[in-house]
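Coordinate analysis (summary)
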Amino acid sequence: MRTQRQVVDYSLQKRVLLRDLHNGKIGTLEVCDASPYLKNAARFHGEPTDDRCPVCRRDNLTLVHYIYGDELKQSAGQARKLAELPVLATALREFQVFVVEVCQSCAWNHLTEQYLLGRDALQSDELTRSAAFAASASGRHHETGSSSRHWEGRQ
Ligand SMILES: [Zn+2]
């Protein structure tokens, strides 16, 4: 989605976790702990992928999109289908999306990405784009790594 803003990518954390798992520093039970709610969200609202589960390799991963923000009121914290996000993004000024990958076989789950969506994002994106155009820069700007925020579903 082109209006994604303040994207934080957690693939580094995932690699570290999987390395620890393969080294035996942590057990599968510690990382394959998707709650029944998360598994249900994956089944009913999840986005299927072609990526095999990195832990059990039996099933493909499903991406679940959780939305947070004051404007969402009672919907905050709910899982939404990916197709619903652009609709929300035009209706709301700003909300946060957390993308969690889930394996429905072994219950592996990990926060993969977070970003902001909403009309505000669209406007500032427009500004960023014209600024970037002026400077003849290109591509999407990723903010990587620095946040240590963990997916709230874990613990
Ligand atoms: Zn799995």
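Everything here concerns the structure above.
Residues numbered from 1 in each chain as written. Predicted model: local features only at pLDDT ≥ 70, side-chain atom pairs only at ≥ 80, totals over all residues. Heavy atoms only, no water.

Evaluation of the coordinates by the stated rule reveals 5 salt bridges. The partner of K14 in a salt bridge is E101, and the shortest N-O contact between them spans 3.0 Å. Linking K14 in helix α1 (residues 11–22) with E101 in strand β5 (residues 95–103), this pair joins segments that are 87 residues apart in sequence. You can call K14 buried: its relative accessible area is 18%. Overall, E101 belongs to the buried group, its relative accessible area being 5%. Residue R80 pairs with E84 through a salt bridge whose shortest N-O separation is 3.5 Å. Overall, the relative accessible area of 16% leaves R80 in the buried class. (Salt bridge = Lys/Arg side-chain N within 4 Å of Asp/Glu carboxyl O. Helix = DSSP H or I, 4+ residues; strand = E, 2+ residues; numbered from the N terminus. Buried < 20%, exposed > 50% of the residue type's maximum accessible area, 1.4 Å probe, protein only.)

On to the pairing of strand β3 (residues 60–68). Walk down a regular strand and you will see the side chains alternate between the two sheet faces. Sheet topology note: the strand β2 (residues 47–52)/β3 ladder contains 3 bridges and is antiparallel. Each residue of the ladder has a partner; that of R52, found in β3, is N60. Where β3 lies against β5, 8 bridges are found, and the strand directions are antiparallel. Its bridge partner lying in β5, T62 is registered against V102. Two elements, β3 and strand β4 (residues 79–80), share 2 bridges in a ladder whose sense is antiparallel. Within β4, the position partnered with Y66 by the bridge is A79. (Pairing = 2+ DSSP bridges.)

Distances and angles like these do not, on their own, reveal function.
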